[in-house]
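Residue strings, one per chain:
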Amino acid sequence: DPQHRLFLQEVWRCIEDAGYAPSEFSGRAVGVFVGAQFQDYQALIDQSQMPLNGHVATGNAHSMLPNRVSYILNFSGPSEAIDTACSSSLVAIHRAVNSILSGESESAVAGGVSLAISPLSNLLAAQMGALSEDGRCKTFDKDANGYVKGEGVGAIFLKRLSQAKKDGDSIYAVIKGSQV
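Let me sum up the structure you'll find in this document. (Residues numbered from 1 in each chain as written. Predicted model: local features only at pLDDT ≥ 70, side-chain atom pairs only at ≥ 80, totals over all residues. Heavy atoms only, no water.)

1. Some remarks on the side chain of serine 121
The condition that has to hold: To qualify as a helix, a DSSP run of H or I must reach at least 4 residues; to qualify as a strand, a run of E must reach at least 2; elements of each kind are numbered from the N terminus. To sort residues, take the accessible area from a 1.4 Å probe on protein chains only and compare it with the maximum for the residue type: under 20% means buried, over 50% means exposed, and anything in between is partly exposed. We define a polar contact as two N or O atoms separated by no more than 3.5 Å, with the added condition that, inside protein, one atom must be a possible hydrogen donor and the other a possible acceptor, whereas residues neighbouring each other in sequence contribute only through side-chain atom pairs. Throughout, a contact is declared for two residues whenever any of their heavy atoms are within 4.5 Å.
For serine 121, the location among the structural elements is in helix α6 (residues 120-128). Relative accessible area serves as the criterion here: at 11%, serine 121 is assigned to the buried category. Of note is the side chain of serine 121, whose polar atom sits 2.5 Å from the side chain of lysine 149. Among all residues touching serine 121, those that are not within four sequence positions of it are Phe38, Asp40 and Lys149.

Structure follows, in structure tokens:
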């Protein structure tokens, strides 16, 4: 799934934008939390009827997306894929912050990825009447009439603002995101 590669690239850029080399965190308790919802690429593979192998399973499973990042960068913190529909990336950030505050992770990368590779999810959303008729998103507006699908990838690097553990601890985020 191209979402795996794009998220890995975004994590790499995000860490560099924070002023670090990704190798500085090798072997350390860095958590990876990623929101991902649709599996359009898997649907295309299923439609193609190509011969299947183990790489198809690991290369398309959302659970493998954060694990691939953790494996390649040698992070030893939690590695979680989160699918809570539209709130997946926000929940990923929430999990990352809690992981740092609890001491489970010393720092974390959180974000999300969503690509519209196949028309299937759009067709199904349209059949349900979930898509905005005028193609405009009007969140919390009385004129809201559905949602507008988008695609993109984004990641933030989170760490404690200070190393002191005390009430009111703050988390510092370096934000880097891209649109595709």
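2. Section: the environment of serine 26
On the secondary structure map, serine 26 appears in the loop between α1 (2-17) and β1 (30-35). For serine 26, a relative accessible area of 39% corresponds to the partly exposed category. Between the alpha carbons of serine 26 and serine 70 there is a distance of 9.3 Å; along the sequence they are 44 residues apart.

3. Overview of the pattern of salt bridges
Threshold: Put simply, a salt bridge is a Lys or Arg side-chain nitrogen that is within 4 Å of an Asp or Glu carboxyl oxygen.
Counting across every chain of the model gives 6 salt bridges. Here arginine 95 and glutamate 80 are joined by a salt bridge, their closest N and O atoms 2.7 Å apart. One end of the pair, arginine 95, is in helix α5 (residues 88-101); the other, glutamate 80, is in strand β2 (residues 79-82), and 15 residues separate them in sequence. Three or more residues are tied together by salt bridges with common partners; here these are Glu80, Arg95 and Glu104.

4. Structural notes on the packing of aromatic side chains
Ring pairs (aromatic) are described by centroid distance and by the angle formed between their planes. Applied cut-off: In summary, the pairing rule links any two rings of Phe, Tyr or Trp, Trp by its six-membered ring, whose centres are within 6.5 Å, and it sorts them by plane angle into stacked for under 30 degrees, edge-to-face for over 60 and tilted for everything else. Note on criteria: charge over ring means Lys NZ or Arg CZ within 6 Å of the ring centre, with the direction from the centre no more than 35 degrees off the ring normal.
Applying the stated criterion across every chain yields a total of 3 aromatic pairs. Here tyrosine 20 and phenylalanine 157 contribute two aromatic rings whose centre-to-centre distance is 5.6 Å and whose plane-to-plane angle is 55°, an arrangement assigned as tilted. In this pair, tyrosine 20 is assigned in the loop between α1 and β1 and phenylalanine 157 in strand β4 (residues 152-160), connecting sequence segments 137 residues apart. Cluster of aromatic residues (ring-pair linked, three or more members): Tyr20, Phe25 and Phe157. Directly above the aromatic system of phenylalanine 38 lies the positively charged group of lysine 149, at a separation of 3.7 Å from the ring centroid.

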